[in-house]
Amino acid sequence: MDPAMERRRKEIEDKRARLAELKRQRELRAAESSRSSLTGSPDPTIVHPSPRKSTREEIDSILRTIEDRPRSTGPPGSPALRATRPVSVVSSDNEGPAASKPTTTMVERETQTMSVALSTVFEYEAEPKKEPEVIMYSKEVQTSEEWAPPQSKGVGTSDSERDESPTRTPKASKRLSRRQKERDEEIRAALKKEIADELRAAQQGSEDSAATQTGGKENAPFRTLTDEELNAVERSDEFLDFVERSTKVLERALEQQFDYDILADYAQRTADVDEEDEGYGSSGAKKGRRVKEIAQFYDERWSKKRVISDIDFSTKFPELVLASYTKNTSAPHDPDGVIQVWNLHMHERPEYIFHAQSDILTAKFSPFHPNLIIAGAYSGQVLLYDTRAKSTPVQKTPLTGHGHTNPVYAIDIIGTQNANNIISCSTDGVVCGWTHDILAQPQEFLELTSPPPAKTDDMAVTCIAFPQSDPTYFLAGTEEGTIYPCHRYDRAGAKAGVDSRVKYTNHTAPVMSLDFHPAKGQIDLGDLVLSSSVDWSVKLWKVRPPAATGTSNASAPGGTQNITPILDIAREDLVYDARWSPVKPSVFALVDGAGNLEFWDLNADTEVPVQRVTPSDNKRGVFANMPSGRGSVNRSLNKLAWERNEGRRVAVGGLDAVLTVFEVGQDLGGVETRGEEWGGVKRLVQRLEAAGDVNGK
């Protein structure tokens, strides 16, 4: 209905109510007049009201005016001809000379005066003025959609935008949404029942046709869904999940062209062409040390203007690699933290996307539960995600004093399949142990403090590393550049916390990464540790086990041993991460602030890397509109990760939020290892230790 017509109708109803009130007041006046006539004669100065006939004519005139009917003719002085002038009805209970003068004045203005019992003034206008509509709301007044001011609802107007309209209450919008959901559920239930009946009839019909051999008649004829049924089906979670899974399967199948060349001409191929040597993105190096870029991942929606903070491969599904991202400062309404799980067989969009309310600083696949992802946030929370659930965490630690209150930069999952724990460490020196089932309160709480002669007790931990053989002992790298050995529990000769008898000092800037040797071969190399720092260096340490530490310190009570590295590798830029190869005993990789990925083989050379590559400019992320090449802005790399099963793939990422995956040759990766490789590393360590002892003397 038009708002103007509705307003007009409302005004007519109000005037009719006022006329009814006028009639009631007239009856009261007549009764009062009759009572006064019985008691005595009234004061002659009082002007009596107009006759009954004039009053009826006045009322009829007003009714004809507000109903927009033709006006009736009457005497020249009748009120019908002056309906456009306001008619005042004044009532007074004062019957004295004072009331006669204003009444006479009103008569001179050709306005009739009636005396009634109530002191109320009503003023009517035949043609109401057009004024802007003012809508008042209160708790007792609820408006419907008809009273909303007219507005154009475009095609792109979403339900959330309409719900936020000031003319609709939140309760009404929720009611409508709930009604729509209930309606959709009813339609889907009816369709499911109909399909079940058709399947049952088809199955019964197939049995009957097999028995009688009289097939040919359709038991379930084709029926076209109505628009309402079609919308209900398209909005269902089952349909959306089906479309999501189906499109992912198709994209994976289409991406198989990267693994197999469907246009290969076998007649033109020569025998001396090596696919590994001449693949796309291969670097120039001897056979076996080639590094080939195989994929780059970047999502315009969720990777834009973010920074990659951590990378990890799945141990159960080697084709899955996750990358955690910090906030996008130009999108304050987007989630601050994002985790994207990419598939090497699907390059255009991530397999999974997870969100967090704070920046994600570290994230890892659980090696014991392939569907779980553990992450550490800037808010101090430890988050647990499940690939079978939604994009939000299924569990998270509370923002209370029971856990971390500072950013969590390091997380590790240690233990066995039946007994494992999540170890997290924050920059305030607090180390917490959690279980996957309970994140409401830590199972272990350990506060690390700097041993004397440090100026303060505060220890800002940036990274931790556990050896393969002892989950109760770990190393902690700090912002001051010192690496401290720590114990989770009290043991003989040492208490839980920082072991003040030994420290590894040689870095002059914050330690960015620590990594124990995998030690999966013929010779135990589990005491070798790689550390990287922003002091432009990578150092190789030979860590002393806790038992040896206690024995050595027995001869020098109260003293602190300063352990120096056995190998110091100076680089040309900030080194953000360094990781051992999971299969090759002498190979490790590092990334630096210049955007380089370097591969080192200690058996081949300890001075220069055997291979150096840089990600291509196919997807430049935030540097898309900037020039590339020498002299341009470098795309710094701050994280790398090896694929742990075969060690043939390396993923790197950094400042531009582009995740790049490389494939290495057989000398840098692969399950095939020679016995002399392990022996070569052992002999190298012995020579370096001997040289260090000589230099120390």
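Our subject in this report is the structure included herewith.

Each value, and the rule that gives it
Residues numbered from 1 in each chain as written. Predicted model: local features only at pLDDT ≥ 70, side-chain atom pairs only at ≥ 80, totals over all residues. Heavy atoms only, no water. Helix = DSSP H or I, 4+ residues; strand = E, 2+ residues; numbered from the N terminus. Buried < 20%, exposed > 50% of the residue type's maximum accessible area, 1.4 Å probe, protein only. Contact = heavy atoms within 4.5 Å. Areas by Shrake-Rupley, 256 points an atom, 1.4 Å probe, with all protein chains shown as cover. Core = buried A, V, L, I, M, F, W, Y, C linked by side-chain atoms within 4.5 Å. Polar contact = N/O pair within 3.5 Å; in protein donor to acceptor, adjacent residues only side chain to side chain. Patch = residues over 30% accessible without salt bridge, like charges linked within 9 Å, V, L, I, M, F, W, Y side chains within 5 Å. Salt bridge = Lys/Arg side-chain N within 4 Å of Asp/Glu carboxyl O. Pairing = 2+ DSSP bridges.

## Some thoughts on the overall build of the protein
- A count of helices and strands for the protein gives 9 helices and 32 strands.
- In the protein, which comprises 697 residues, the share counted as buried stands at 40%.
- Nonlocal contacts in the protein, meaning residues at least 24 apart in sequence, comprise 55% of its contacts between residues at least 6 apart.
- Of the roughly 39700 Å² of accessible surface on the protein, a fraction of 52% belongs to carbon and sulfur atoms.

## A closer look at the nonpolar core
- One finds Leu-528, Val-538, Leu-540, Trp-580, Phe-588, Leu-590 and Leu-602 to be the most contacted residues of the largest nonpolar core, which totals 20 residues.
- Of all the secondary structure elements, the ones that give two or more residues to this core are β22 (528–533), β23 (537–542), β25 (567–570), β26 (575–580), β27 (587–592) and α9 (675–696).
- The dominant element in this core, judged by the number of residues it contributes, is α9, at 5 residues.
- Those residues in contact with Leu-540, other than ones at most four positions away along the chain, are Leu-528, Val-529, Leu-530, Pro-565, Ile-566, Leu-567, Trp-580 and Leu-602.
- Residues Val-321, Ala-323, Trp-342 and Ala-641 belong to the second largest nonpolar core, which totals 19 residues.

## A word on the side chain of Ser-532
- Tracing the sequence through the fold places Ser-532 in strand β22.
- We classify Ser-532 as buried; its relative accessible area is 0%.
- Looking at Ser-532, its side chain comes within polar contact range of the side chain of Ser-513, at 2.5 Å.
- If near-sequence neighbours (up to four positions away) are discounted, Ser-532 is found in contact with His-507, Val-511, Met-512, Ser-513, Ser-537, Val-538, Val-575, Tyr-576, Asp-577 and Ala-578.

## Some remarks on the pairing of strand β6 (residues 337–343)
- With respect to burial, β6 is a largely interior element, 7 of its 7 residues being buried.
- Because side chains alternate across β6, one face comprises the buried residues Gly-337, Ile-339, Val-341 and Asn-343, and the other comprises Val-338, Gln-340 and Trp-342, equally buried.

## Things to note about a nonpolar patch on the surface
- Taken together, the side chains of Phe-239, Leu-240, Phe-242 and Val-243 make up a nonpolar region of the molecular surface, amounting to roughly 340 Å² of accessible area.
- Leu-240 sits in the partly exposed class, given a relative accessible area of 45%.

## With respect to unusual backbone geometry
- Its identity as a non-glycine residue notwithstanding, Lys-305 has a phi of 60°, on the positive side.
- By the element assignment, Lys-305 lies in the loop between β3 (291–297) and β4 (308–313).
- Here Lys-305 falls in the partly exposed class, since its relative accessible area comes to 44%.
- Not every positive phi belongs to a glycine, and Ala-657 is a case in point at roughly 65°.
- Secondary-structure assignment places Ala-657 in the loop between β31 (649–654) and β32 (659–664).

## Focus on the pattern of salt bridges
- Summed over all chains, the structure comprises 15 salt bridges.
- Between Glu-6 and Arg-9 there is a salt bridge whose closest N-O contact spans 2.2 Å. Here Arg-9 and Glu-6 lie together in helix α1 (residues 3–39), a separation of 3 residues that amounts to about one turn.
- Lys-584 is paired through a salt bridge with Glu-677; the nearest N and O atoms lie 3.9 Å apart. Of this pair, Lys-584 sits in the loop between β26 and β27 while Glu-677 sits in helix α9, and the two are 93 residues apart along the sequence.
- Each of Glu-6, Arg-9 and Glu-13 takes part in salt bridges that share partners, so that together they form one network.

## Re the sheet that holds strand β9 (residues 372–377)
- The strand order across the open sheet formed by 4 strands is β8-β9-β10-β11, and the pairing between neighbours is antiparallel. Two strands in the sheet have a free side with no partner beyond their single neighbour: β8 (360–365) and β11 (395–396).
- In the sheet, β8 pairs with β9 via 5 bridges, with the strands oriented antiparallel. In the strand pairing of β9, Phe-365 is matched with Ile-373.

## Side note on the side chain of Ser-426
- Inspection of the secondary structure puts Ser-426 in strand β13 (residues 420–426).
- On the basis of relative accessibility, which here comes to 0%, the residue Ser-426 falls in the buried class.
- In contact with Ser-426, not counting residues within four places along its chain, are His-404, Asn-406, Pro-407, Val-408 and Val-461.

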